[in-house]
Amino acid sequence: MKNPILLILIFCQVAISQSFDKTKLDKYFNSIDDNKKFMGSVAVSKNGEIIYLKSVGYADINNKIKANNETKYRIGSISKSFTAILVLKAVENKKLELNQTIDKWFPTIKNSEKISVKQLLNHRSGIYNFTNSPDYLSLSTQAKTEEEMIEIIKAGGNNFSPDSKAEYSNSNYVLLTYILEKTFSKSYSELLNEFIINPIELKNTYVFGKINTINNESKSYKFLGSWIEESETNYTIPLGAGAITSTASDLTKFADALFGEQLLNSESLEAMKTIQEGYGYGLFQIPFYSSLGFGHTGGIDGFSSVFAHFPEENISYALTSNGTIMNNNDISIAVLSAVFNKPYEIPVFISYTSVDLDKYLGVYSTEQIPLKITITKNGNTLIAQGTGQPEFPLEAIKKDIFKFDQVGAKFEFILEENKMILFQNGMQINFTKN
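Residues numbered from 1 in each chain as written. Predicted model: local features only at pLDDT ≥ 70, side-chain atom pairs only at ≥ 80, totals over all residues. Heavy atoms only, no water.

(A) Broad picture of the overall build of the chain. Along the chain, the regular secondary structure elements total 10 helices and 21 strands. For the chain, the C-alpha radius of gyration of 22 Å lies close to 22 Å, the compact-globule estimate for 434 residues. Going through the 434 residues of the chain one by one, you find that 55% of them count as buried. Contacts in the chain between residues at least 24 apart in sequence constitute 64% of all its contacts with a sequence separation of at least 6. In the structure as shown, the chain presents an accessible area of about 18,700 Å², 47% of it carried by carbon and sulfur atoms. For the chain, the distance from the average site of its 42 positive side-chain charges to the average site of its 47 negative ones is 2 Å. (Helix = DSSP H or I, 4+ residues; strand = E, 2+ residues; numbered from the N terminus. Rg over C-alpha atoms; globule rule 2.2 N^0.38 Å. Buried < 20%, exposed > 50% of the residue type's maximum accessible area, 1.4 Å probe, protein only. Contact = heavy atoms within 4.5 Å. Areas by Shrake-Rupley, 256 points an atom, 1.4 Å probe, with all protein chains shown as cover. Lys, Arg positive; Asp, Glu negative; His and termini not counted. Charge placed at Lys NZ, Arg CZ, Asp CG, Glu CD.)

Below you can see the structure in the form of structure tokens.
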């Protein structure tokens, strides 16, 4: 349910490879698997047929259950694409109107008489994103009623006047879930089955419950020297904003069906694809070289995911993951580069022994910002932690240089001067070892 991260935009001509080098792509995944950088699955389809499918890592580390191509992962905010389709089906069936305001359902929410269904769909409502709350992690594992969730959303207030700008908010899609359930007098799960899952025969897609590895459902993990199991969000919290489980191959089938107009008519599909300040209805643009795709990303607990469809080439791509210390964007670029016949490199990873890391350990402070960074280790992995922030692992990229891709941070140690330099978001912050 995290904010979306788009694939890198590179402008140049793209040629589709009809028969790409699968052996090289297998070596790419073998490299990141052998070095424990990523666990998950990817799938690619061309003209509705799967042309590449790969799974690495474990679905359940403690019980040594390896992931396979049918392993199911929570897909987080990709659920929003499903929810948007359900809303547009309601519009097609004349049960809802995009311009109707939401005060009929939520009279206690501020500005509800001005906020439309359409503004919920494309994140222009102004309603505060409840997952940004400092209390979110403490409430996310416990079941909540509709009344409780509305109170949580209402308590966050509003960030701006409706339709004055766009700002990503999971609250929008939780409210859309309740609107759908009231409109059809059916549960969100029933609506998914009726309008999406059953018509296109998605065998491994559904609203999640408690993770059941016997049913080939994956647990999720974070890496801090070793893989540590994450907590589980209760489905009643994210609902249509992020409560779906699926597989990479099901997501490519879903994308093929959506853009093949099997789920919506052409008018509704065009409405989904219409982008205003970055957002369509449950979709945003995903450019790759000169090709333009549409899709969504997702993140919930330790799971991360992305799906995209490139209409001109009729290619669909999906990634589902239950643990990563890489930037999944780099993995997506490698897969698409293989398929689109563009250059990419098989990664080479630098490793340190536990003793090698001792010279970096300590507490580092700076006069530039009110932040101290503590550097520790777990086995052969260097661990960083900022004041009041969670720990995160650092990956060695060169001698004395480490990175943490998820936030775009690079750390360079100048040992002879007892210094560390943090490079992030175009800034350079100099730290001194205490």
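(B) Geometry of helix α6 (residues 170-184). Taking 1.5 Å of rise per residue, the 15 residues of α6 would be expected to cover 21 Å, and the 22 Å separating its terminal C-alpha atoms lies within 8% of that figure. Counted residue by residue, α6 has 12 buried out of 15 residues, so it is predominantly covered. The set of residues buried in α6 consists of N170, S171, N172, Y173, V174, L175, L176, T177, Y178, I179, L180 and F184. The inward-facing, buried residues of α6 abut α2 (79-92), α3 (117-121), α5 (146-156) and α7 (188-200). One or two residues past the end of α6 sits S185, with phi positive at roughly 55°. (Expected span 1.5 Å × (residues − 1).)

(C) How the structure looks around the sheet that holds strand β17 (residues 392-398). The antiparallel closed barrel is built from 8 strands, whose spatial order is β14-β15-β16-β17-β18-β19-β20-β21. Neighbour-to-neighbour, the strand axes of this sheet turn through a mean angle of 35°, independent of strand direction. Sheet analysis places strand β14 (residues 362-365) next to strand β21 (residues 427-433), joined by 2 bridges and oriented antiparallel. Bridge assignment links S365 to a residue of β21, and that residue is T432. (Pairing = 2+ DSSP bridges. Axes fitted to C-alpha atoms, helices over the stretch in contact; angles between N-to-C directions.)

(D) Just the sheet that holds strand β6 (residues 206-207), in detail. Spatially, the 3 strands line up as an open sheet ordered β5-β9-β6, and their pairing is antiparallel. Strands with a single pairing partner mark the edges of an open sheet, and in this sheet they are β5 (73-74) and β6. Bridge analysis of β5 against strand β9 (residues 244-246) gives 2 bridges, and the strand direction is antiparallel. Note on β9: the bridge partner recorded for R74 is T245.

(E) Geometry of the nonpolar core. With 72 residues, the main nonpolar core has F82, F106, L121, L192, I196, F254 and M272 as its most contacted residues. When residues in this core are grouped by element, the largest group, 8 residues, is from α6. When sequence neighbours within four positions are dropped, the list of residues in contact with M272 reads S81, A84, I85, L88, L258, L264, G280, Y281 and L283. In terms of nonpolar packing, the next biggest core, distinct from the first, is built from 31 residues, I315, V335, A338 and V339 among them. (Core = buried A, V, L, I, M, F, W, Y, C linked by side-chain atoms within 4.5 Å.)

(F) Broad picture of the packing of aromatic side chains. The final tally for this structure, using the stated rule, is 22 aromatic pairs. Judged by centre distance (4.8 Å) and plane angle (50°), the rings of Y360 and F413 are tilted. Of this pair, Y360 sits in the loop between α10 (328-339) and β14 while F413 is found in strand β19 (residues 409-414), placing the two residues 53 residues apart along the sequence. Neither Y360 nor F413 differs from the other in exposure class; each is buried. Consider the rings of F402 and F413, whose centres lie 5.8 Å apart with planes at 90°: the pair is edge-to-face. Of this pair, F402 sits in strand β18 (residues 401-404) while F413 is found in strand β19, placing the two residues 11 residues apart along the sequence. Residue F402 shares its accessibility class with F413, and that shared class is buried. (Phe/Tyr/Trp six-rings, centres within 6.5 Å; stacked < 30°, edge-to-face > 60°.)

(G) How the structure looks around the pattern of salt bridges. Here the structure, examined in full by the defined rule, presents 18 salt bridges. Note that E194 is salt-bridged to K186, the shortest N-O span being 2.6 Å. When the shortest N-O distance is used, the salt bridge between K399 and D400 registers 3.1 Å. By relative accessible area, D400 is classed as buried at 11%. (Salt bridge = Lys/Arg side-chain N within 4 Å of Asp/Glu carboxyl O.)

(H) Local environment of the side chain of N328. If you trace the backbone, N328 turns up in helix α10. Taking relative accessible area as the criterion, N328 reaches 13% and is therefore assigned buried. Residue contacts for N328: discarding those within four places in its chain leaves F38, S304, L319 and S321.

(I) Quick peek at the pairing of strand β12 (residues 303-310). Within β12, 8 of the 8 residues are buried, which leaves it mostly tucked inside the rest of the structure. Burial along β12 is two-sided: the residues F303, S305, F307 and H309 and S304, V306, A308 and F310 are all buried. The antiparallel pairing of strand β11 (residues 291-300) with β12 creates a hairpin that spans 2 residues between the two strands, and D301 there sits at a positive phi of about 55°. Relative to strand β13 (residues 315-324), β12 runs antiparallel, the two being bridged by 7 bridges. The partner of S304 across the bridge, within β13, is S321. Between the antiparallel neighbours β12 and β13 lie 4 residues, among them N314 with a positive phi of about 55°.

(J) Local environment of helix α1 (residues 22-34). Across its 13 residues, α1 extends 18 Å between first and last C-alpha, which sits within 8% of the 18 Å expected from 1.5 Å per residue. Its buried side turned inward, α1 meets β1 (38-46), β2 (49-56) and α10. Among the residues of α1, the N-terminal cap falls to D21, whose side-chain oxygen and the backbone nitrogen of T23 are separated by 3.2 Å. In the stretch just after α1, K36 is the one whose phi turns positive, near 55°. (Polar contact = N/O pair within 3.5 Å; in protein donor to acceptor, adjacent residues only side chain to side chain.)

Remember, this is a structural readout, not a statement about activity or role.
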